[in-house]
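Here are the chains, one letter per residue:
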Amino acid sequence: MPARGGDERRPHGELVADVLAVLWQSGKPMSAQEVNAALDKGLARTTMATILTRLYEKGTLRRIPAGRGFAYEPVEDAAGLVAGRMRRELESDPRRDLVLKRFVSSLSEDDEGTLRRLLLEAEGSSE
């Protein structure tokens, strides 16, 4: 994209990640105005409201009535959000065994050891 006023537009995903980081760091529900102030990027009020509304509609955030508007908070922490994305990707392919095989074969030794330990723990807790 061409530069405007010397600043390039940020990718939408990066802005969403920044918004989520602010909310995770806060640990409390925040209004669109509070999130916008914490980001300090000079975004329009409507831009922030749109981002938060879309994240709410996707189920990433919950919203709580606050004054004349809403306050927003994440439904899950960062790890839970990533795990959900991984699960949806796995569920989207009919060849789950192949996807899992490729995933496991790409893990580092440390990650593979962690996965083995976690699977054993999960197996032990289900008995």
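Let us look at the structure shown here. Everything numeric in this text was worked out from a predicted model, so none of it was measured. (Residues numbered from 1 in each chain as written. Predicted model: local features only at pLDDT ≥ 70, side-chain atom pairs only at ≥ 80, totals over all residues. Heavy atoms only, no water.)

What about the packing of helix α4 (residues 78–91) against helix α5 (residues 96–105)?
In the contact formed by α4 and α5, the axes pass within 9 Å of each other and the chain directions differ by 135°. The pairing of α4 with α5 is recorded here as oblique in orientation. Only Arg96, Val99, Leu100 and Phe103 of α5 make contact with α4, whose side of the interface consists of Met86, Leu90 and Glu91. Within the contact of α4 with α5, the residues separate by chemical class into 5 nonpolar, no polar and 2 charged. (Axes fitted to C-alpha atoms, helices over the stretch in contact; angles between N-to-C directions. Helix = DSSP H or I, 4+ residues; strand = E, 2+ residues; numbered from the N terminus. Parallel < 35°, antiparallel > 145°, perpendicular 65-115°, else oblique. Contact = heavy atoms within 4.5 Å. Nonpolar A, V, L, I, M, F, W, Y, C, P; charged D, E, K, R; others polar.)

A closer look at unusual backbone geometry
The phi dihedral of Asp40 falls on the positive side, at around 55°, and the residue is not glycine. Looking at Asp40, the relative accessible area reads 64%, which means it is exposed. (Buried < 20%, exposed > 50% of the residue type's maximum accessible area, 1.4 Å probe, protein only.)

Topic: the layout of surface pockets
Take a probe with the size of a water molecule and roll it over the atoms, and the empty space left behind shows itself. As a volume, the second largest pocket reaches approximately 370 Å³. Leu55, Lys58, Thr60, Leu81 and Arg88 are, among the 17 residues lining the second largest pocket, the residues nearest its centre. When residues of the lining of the second largest pocket are assigned to their parent elements, the largest contribution, 5 residues, is made by α4. Within the lining of the second largest pocket, the residues separate by chemical class into 6 nonpolar, 6 polar and 5 charged. (1 Å grid on protein atoms, 1.4 Å probe; cavity = no way out; pocket = protein on both sides within 12 Å on 5 of 7 lines; lining within 4 Å. Points joined across faces, edges and corners; volume = space filled by probe spheres on them.)

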